[in-house]
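Descriptive structure summary
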Amino acid sequence: MVAMNRLLFTVMISWQTRNRRRAGRAERWCRDYGLIQLHKRLYSGKLYPAERKKLDRKMLGLFTGRYDRYCSFVMCSSCAPNSLASFEIHNPPWLDSQYEIVHNEDSSKEI
């Protein structure tokens with residue numbers, strides 16, 4: 001049995017602001033937490049509960065302006081494939097990131 005605080009959750013985060021500095025800071029934070037950009041201000045990824053709460057607190061503290069809006073959507077990772085979300089949510093690029101390093105021995109020889 002897995003402890004509840006070690007479960008991964010699928011998180012989608014979006015915001016609206018007129019302040020470019022706030023938007024830039026939010027984008028950096030999303031990338032720092034390993035979220036990927038789906039659209040201009042829509043990020044998605046998998047986070048543990050402690051990470052999700054910490055990021056949520058940071059975002060709520062950042063978007064305090066009159067015209068700022070912040071929204072986060074969370075679901076357990078086992079429920080995400082059963083949702084009616086788009087292809088990007090069901091098949092995110094971070095799942096297919098299996099790369100193989102190939103060394104070409106002929107490239108080291110001088111011509």
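Everything discussed here concerns the structure shown above.
Residues numbered from 1 in each chain as written. Predicted model: local features only at pLDDT ≥ 70, side-chain atom pairs only at ≥ 80, totals over all residues. Heavy atoms only, no water.

**Observations concerning the pattern of salt bridges**
For the structure on display, the rule yields one salt bridge. For D68, the salt bridge identified is with R22, shortest N-O distance 2.5 Å. Taken together, the residues span a long stretch of sequence, with D68 in the loop between α2 (49-62) and β4 (69-76) and R22 in helix α1 (residues 20-32) at a distance of 46 residues. (Salt bridge = Lys/Arg side-chain N within 4 Å of Asp/Glu carboxyl O. Helix = DSSP H or I, 4+ residues; strand = E, 2+ residues; numbered from the N terminus.)

**Let's talk about the side chain of T10**
On the secondary structure map, T10 appears in strand β1 (residues 9-16). In terms of polar contacts, T10 uses its side chain to reach the side chain of K46, at 3.3 Å. (Polar contact = N/O pair within 3.5 Å; in protein donor to acceptor, adjacent residues only side chain to side chain.)

**Looking at a positive patch on the surface**
A contiguous patch of positive charge, built from R21, R25, R28 and R31, is present on the exposed surface. On the secondary structure map, R25 appears in helix α1. Relative accessible area serves as the criterion here: at 38%, R25 is assigned to the partly exposed category. (Patch = residues over 30% accessible without salt bridge, like charges linked within 9 Å, V, L, I, M, F, W, Y side chains within 5 Å. Areas by Shrake-Rupley, 256 points an atom, 1.4 Å probe, with all protein chains shown as cover. Lys, Arg positive; Asp, Glu negative; His and termini not counted. Charge placed at Lys NZ, Arg CZ, Asp CG, Glu CD. Buried < 20%, exposed > 50% of the residue type's maximum accessible area, 1.4 Å probe, protein only.)

**Regarding α2**
When the terminal C-alpha atoms of α2 are compared, their 20 Å separation across 14 residues agrees well with the 20 Å that a helix rising 1.5 Å per residue should span. All of the buried residues along α2 are P49, L55, M59 and L62. Buried residues of α2, viewed axially, fall in a sector of 150°; they line one side. Exposed residues on α2 whose side chains face more than 90 degrees from its buried face are A50, R57 and G61. Those residues of α2 hidden inside the fold are in contact with β1, α1, β3 (42-47) and β4. (Expected span 1.5 Å × (residues − 1). Arc of directions from axis to C-beta. Contact = heavy atoms within 4.5 Å.)

**With respect to the nonpolar core**
I13, W15, C30, L35, L55, M59 and F63 are the most contacted members of the largest nonpolar core, which totals 17 residues. Of all the secondary structure elements, the ones that give two or more residues to this core are β1, α1, β3 and α2. With residues near it in sequence (within four places) discarded, I13 still touches C30, L35, R41, L42, Y43, L55, M59, Y70, C71 and S72. (Core = buried A, V, L, I, M, F, W, Y, C linked by side-chain atoms within 4.5 Å.)

Note that all results are geometric; they support no functional claim without further evidence.
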